[in-house]
Amino acid sequence: MHGMISKPPGTASNIATSRLVLLLLVVMTGVAPISLYILVPALPVLATNFGSDISIAQMTVSLYMVGIALSQLIMGPLSDRFGRRPVLLGGLALMVAASVACMFAQTLPQLIAARFFQALGGASGMVISRAIIRDIYERDRVASMISLVVAALMIGQMVSPLTGGLIETAFGWRAIFYAITIAAIVVTVAIALALPETRRSRAAGSGFRGDLGTLIRSRAFVGYVMCQVLASQIIFTFAGGGPYIVVTQMGRSSAEYGAWFATTGFAFLVGNLLCVRFAPRHSLEKLIWFGLALQLCGSLANMLWSFAGWNEAPAWLFGTQMIVMVGNAFVMANSAAGAISIRPEAAGTASGAMGFLQQGIGALMSQFGAYLGGHSATTLPLTAAVLAISILCACVMMFVVPRREAVPSAALIGQAEEDETGMM
């Protein structure tokens, strides 16, 4: 396709079939979120060692999430302007420097500040990996590749808290940052040696403001982004309220909650693997509607179980939520693919805007979910909120995203790029 990447013909297919590049996409996507979760088991130890309240130690996580959100907004447009490789390498270099600062932090404020910059640099891999996927794969394969990367990432995220706990128990909390630093250096060197530049050729004079303006004026882009962001809020809302429901309302232990919550992560992993299997044979829109149907059916059943009182047992609550999460994987992966395919040469900007909204609104929805779970005697408020988000997500797909024939195909995108170049 015209303007696929700024490389000779055939390079795109070589990159797309490279297992090493696929592995690099996984590790660059995972380095920031895994670094987030690997520290969580050590939070009580941090509070004790620095003589601070646990809520202050929690800021090493909360400000880390703020750093991830801001990184999405900054690194995506920069990668469109200056290329994927230099921005990615610069971000990872910042992560390495910040990780070293974490290792030698003498006060909790120093550690919190270093963690913020660690996230700001490390999250460049999250946003740029989606842009690289759009650079080297055709539109109909983007969703399956995103799902494959997310599926591999989910496995890493599942084991990272356990890994962090083992490292802290054996060597102390600073050893966690030694491990993060070494991992970040390895990823940076691997990318420097093995990842070629994939950014598309850009028209003269194009920039962040023009890219963002074009995207915002696209009804399809706005619809896909809203659909993806709303679907992600189901995860944040349920995760925010879940601990209070299981521990406070149901009287179970935090360890049991962790085990039950892991089932939703497993369901999300299964959904991504199924998406990898079905995406090559079905249209992006059909897969989104399939996911929306699962989300609606699962969330409606969960609310009905709340009315009936059955959701007072974790098996009912999480068993039905697993159905929601399988559908959620289909919606998120395919909506993301649709959003970054509207203007392929601005895939970094599109990915960054989507990631920023997802993380920023997610922080608020997590608090909202915690309020619903902590100030209610039943599961009904939380399950009703999840159902409302599922309905709103389906309404966006129905009323905002144009029908199939109105959504730019790969061929139409190429033609539009040629027309745009001819008018310059």
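The structure we're discussing is the one just above.
Caption draft 1: Focus on helix α14 (residues 284-308). When the terminal C-alpha atoms of α14 are compared, their 36 Å separation across 25 residues agrees well with the 36 Å that a helix rising 1.5 Å per residue should span. Downstream of α14 by one or two residues, G309 has phi in the positive range, about 85°.

Caption draft 2: Layout of a nonpolar patch on the surface. A contiguous nonpolar surface patch, about 470 Å² in accessible area, is contributed by V66, L70, L73, I74, L78 and F82. The topology assignment puts V66 in helix α5 (residues 59-82).

Caption draft 3: Quick look at the pattern of salt bridges. Applying the stated criterion across every chain, the model contains two salt bridges. The shortest N-O distance in the salt bridge between R84 and D80 comes to 2.7 Å. Overall, D80 belongs to the buried group, its relative accessible area being 0%. Each member of the salt-bridge network shares a partner with another, and the members are D80, R84 and D135.

Caption draft 4: Region of the structure containing the packing of helix α6 (residues 84-103) against helix α7 (residues 108-122). Between α6 and α7, the least distance of the axes is 7 Å, while the angle of their chain directions is 160°. Of the possible angle classes, the one that applies to α6 and α7 is roughly antiparallel. The interaxial crossing formed by α6 with α7 has left-handed handedness. Residue-level inspection shows G91, L92, L94, M95, A98, S99, A101 and C102 of α6 in contact with α7, the latter providing L111, A114, R115, F117, Q118, L120, G121 and G122. Taken together, the residues of the contact of α6 with α7 sort by class into ten nonpolar, five polar and one charged.

Caption draft 5: Looking closely at α5. Relative to the 34 Å expected for 24 residues at 1.5 Å per residue, α5 spans 33 Å between its end C-alpha atoms, a close match to the ideal helical length. When the local axis directions of α5 are compared, the greatest deviation, roughly 30°, occurs at S71. Once α5 finishes, G83 follows within two positions and takes phi at roughly 110°, a positive value.

Caption draft 6: Spatial organisation of the packing of α7 against helix α8 (residues 124-136). The interhelical angle for the contact between α7 and α8, taken along N-to-C directions, is 10°, at an axis separation of 5 Å. The angle between α7 and α8 falls in the class roughly parallel. Residues L120, G121 and G122 of α7 form the contact with α8, whose own contacting residues are S124, G125 and M126.

Caption draft 7: Region of the structure containing the packing of aromatic side chains. Applying the stated rule across the entire model yields nine aromatic pairs. Relative to W173, the ring of F50 has its centre 5.6 Å away and its plane inclined at 55°; by these criteria the two rings are tilted. In this pair, F50 sits in the loop between α3 (43-49) and α4 (54-57) while W173 sits in the loop between α9 (139-171) and α10 (174-194), placing the two residues 123 residues apart along the sequence. Take F50 and W173: they sit in the same class, and that class is buried. Aromatic side chains W260 and F318 sit 6.0 Å apart centroid to centroid with 25° between the ring planes, which places their arrangement in the stacked category. Taken as a pair, W260 in helix α13 (residues 254-278) and F318 in helix α15 (residues 314-340) lie far apart in primary sequence, 58 residues in all. Taking relative accessible area as the criterion, W260 reaches 26% and is therefore assigned partly exposed. Through a chain of ring-to-ring contacts, the aromatic side chains of F50, W173 and F177 assemble into a single cluster.

Caption draft 8: The nonpolar core, seen in detail. Ranked by internal contacts, the top residues of the largest apolar core, which has 96 residues, are L111 and I191. With eleven residues, the top contributor of residues to this core is α15. Ignoring anything within four residues of it in the chain, the contact list for L111 reads L46, F50, T60, C102, A105, W173 and F177. Counting eight residues, the second-largest nonpolar core is a separate cluster that includes I245, V246, L317 and F318.

What counts and how
Within every chain, residues take consecutive numbers counted from 1 along the sequence as written. Reporting in this predicted model follows two pLDDT cut-offs: at least 70 for local features of residues, and 80 or more for side-chain atom pairs to be given and counted; totals over whole chains, interfaces and linings ignore these cut-offs and use all residues. Hydrogens and water are ignored here; the side-chain numbers use all heavy atoms of the structure. Helical segments are the DSSP runs of H or I of at least four residues, strand segments are the runs of E of at least two, and each set is numbered from the N terminus. A helix's residues, less one, multiplied by 1.5 Å, set its expected span. Patches draw on residues past 30% relative accessible area with no salt bridge. Two like charges within 9 Å are joined, as are two nonpolar side chains (Val, Leu, Ile, Met, Phe, Trp, Tyr) within 5 Å. Only the protein chains shown count as covering a residue, and every accessible area follows the Shrake-Rupley method with a 1.4 Å probe. Here, a salt bridge means any side-chain nitrogen of Lys or Arg that lies within 4 Å of a carboxyl oxygen of Asp or Glu. For every residue, the accessible area obtained with a 1.4 Å probe (protein chains only) is divided by the maximum for its type, and the residue is called buried under 20%, exposed over 50%, and partly exposed between those limits. Angular values range over 0 to 180 degrees, each being the angle between N-to-C directions of two axes fitted as lines to C-alpha atoms, with helices fitted over their stretch in contact. Oblique is the label for every angle not falling under 35 degrees (roughly parallel), over 145 degrees (roughly antiparallel), or within 65 to 115 degrees (roughly perpendicular). It is the rotation of the near helix from the far one that decides the hand of a crossing: anticlockwise by less than a right angle makes it left-handed, clockwise makes it right-handed. Residue contacts are counted whenever heavy atoms from the two residues lie within 4.5 Å of one another. The residue classification treats Ala, Val, Leu, Ile, Met, Phe, Trp, Tyr, Cys and Pro as nonpolar and Asp, Glu, Lys and Arg as charged. All others, Gly included, are polar. Consider a residue and the seven residues that end there alongside the seven that start there; fitting an axis to each set, the bend is the angle between those axes. Note on aromatic contacts: the rings of Phe and Tyr and the six-membered ring of Trp form a pair at centre separations within 6.5 Å, being stacked when their planes are under 30 degrees apart, edge-to-face when over 60 apart, and tilted otherwise. Nonpolar cores are built from buried Ala, Val, Leu, Ile, Met, Phe, Trp, Tyr and Cys residues. Side-chain atoms within 4.5 Å join them into one set.

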